[in-house]
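Listed below, chain by chain, are the residues.
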Amino acid sequence: MKCKWIIITGLDGSGKTTLQDDLINYLKKQNKTVKRYHSPYDDYLKSLLDLSGNGLPLKDSYTDFLIFALDHRLQNYRIKEAKEQYDYIISQRGPVDSFVHASVWGFSYEETYSILRMNELETCEILIHLNANPEIAYERIKNDKNADKYEYLEYIVEQSKETKKVFLEIQKENKYLAQYSKSINIYI
């Protein structure tokens, strides 16, 4: 069986971790080998996100964007390796999330595509877009000690809008999201 890469995307607090855990447990019960990923993947790059813009959201979105783009490139090498060793790769977040966040930060899809150099990145077989009522999602995460600088209500409201928009743009075969139109897309 060829390895299947599943990316779970969506706004903070929508249930990505819960779904990832459930999928991994289900697949392991089916005697499948599974690799778990989470973006940002690289711990050093995660620490840089706390430094950019003095740790404040939208104070240096360009640097944050470049950090995420680098993280996707590094993870891409790991995805290629894992595809040879596992039946499934389950990622919480992936390059598609950069289209969501970059839109919130004011970047166009064309700019996002260009910075990510999407044509050089692996494509997932299945893409699950999770969305939720932003207020409910925020309630789920507002007391998280490990929350990142983008986990505040106003941001999550915009993230929710862009999550749906990216899904719809994939359905319309937006040329900057063309790689994902070949994937099975599920919107929940």
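Residues numbered from 1 in each chain as written. Predicted model: local features only at pLDDT ≥ 70, side-chain atom pairs only at ≥ 80, totals over all residues. Heavy atoms only, no water.

A. Representation of the nonpolar core in the model. Grouped together as the largest cluster of nonpolar side chains are 32 residues, with contacts concentrated most on Phe99, Val166 and Tyr180. At the level of secondary structure, the elements contributing two or more residues to this core comprise strand E1 (4-10), helix H2 (43-51), helix H3 (61-83), helix H4 (95-105), helix H5 (109-116) and helix H7 (153-171). A per-element tally of this core places H3 first, with six residues. The next biggest cluster of nonpolar side chains, apart from the first, holds ten residues, and it includes Ile6, Ile8, Leu27 and Ile128. (Core = buried A, V, L, I, M, F, W, Y, C linked by side-chain atoms within 4.5 Å. Buried < 20%, exposed > 50% of the residue type's maximum accessible area, 1.4 Å probe, protein only. Helix = DSSP H or I, 4+ residues; strand = E, 2+ residues; numbered from the N terminus.)

B. Representation of the side chain of Asp71. Residue placement: Asp71 occurs in helix H3. Look at Asp71: it is buried, it has no salt bridge, and the nearest opposite charge is Lys46 at 7.7 Å. Within the local environment of Asp71, its side chain forms a polar contact with the side chain of Ser39, the two groups lying 3.4 Å apart. Among residues more than four places away in sequence, those in contact with Asp71 are Ser39, Pro40, Tyr41, Asp42 and Leu45. (Lys, Arg positive; Asp, Glu negative; His and termini not counted. Salt bridge = Lys/Arg side-chain N within 4 Å of Asp/Glu carboxyl O. Polar contact = N/O pair within 3.5 Å; in protein donor to acceptor, adjacent residues only side chain to side chain. Contact = heavy atoms within 4.5 Å.)

C. The arrangement of helix H6 (residues 134-141) in detail. For H6, the full list of buried residues reads Pro134, Ala137 and Ile141. An end-on view of H6 places all buried positions within 65° of arc, on one side of the element. The inward-facing, buried residues of H6 abut H7. Where H6 begins, the side chain of Asn133 points an oxygen toward the backbone nitrogen of Glu135, at a separation of 2.8 Å. (Arc of directions from axis to C-beta.)

D. Summary view of empty space enclosed by the protein. The final tally for this structure, using the stated rule, is two cavities of 30 Å³ or more. Lining of the largest cavity is provided by Ser39, Phe68, His72, Arg93, Gly94, Asp97, Ser98, His101 and Trp105. The set of elements that each furnish at least two residues to the lining of the largest cavity consists of H3 and H4. Per element, the largest residue contribution to the lining of the largest cavity is four residues, and it comes from H4. Of the residues belonging to the lining of the largest cavity, the class tally is two nonpolar, five polar and two charged. Together, Trp5, His72, Gln75, Asn76, Ile79, Pro95, Leu121 and Glu122 line the second largest cavity. Among the elements that take part in the lining of the second largest cavity, H3 stands out by supplying four residues, more than any other. Residues of the lining of the second largest cavity, tallied by class, amount to four nonpolar, three polar and one charged. (1 Å grid on protein atoms, 1.4 Å probe; cavity = no way out; pocket = protein on both sides within 12 Å on 5 of 7 lines; lining within 4 Å. Points joined across faces, edges and corners; volume = space filled by probe spheres on them. Nonpolar A, V, L, I, M, F, W, Y, C, P; charged D, E, K, R; others polar.)

Read these as spatial facts, not as claims about activity.
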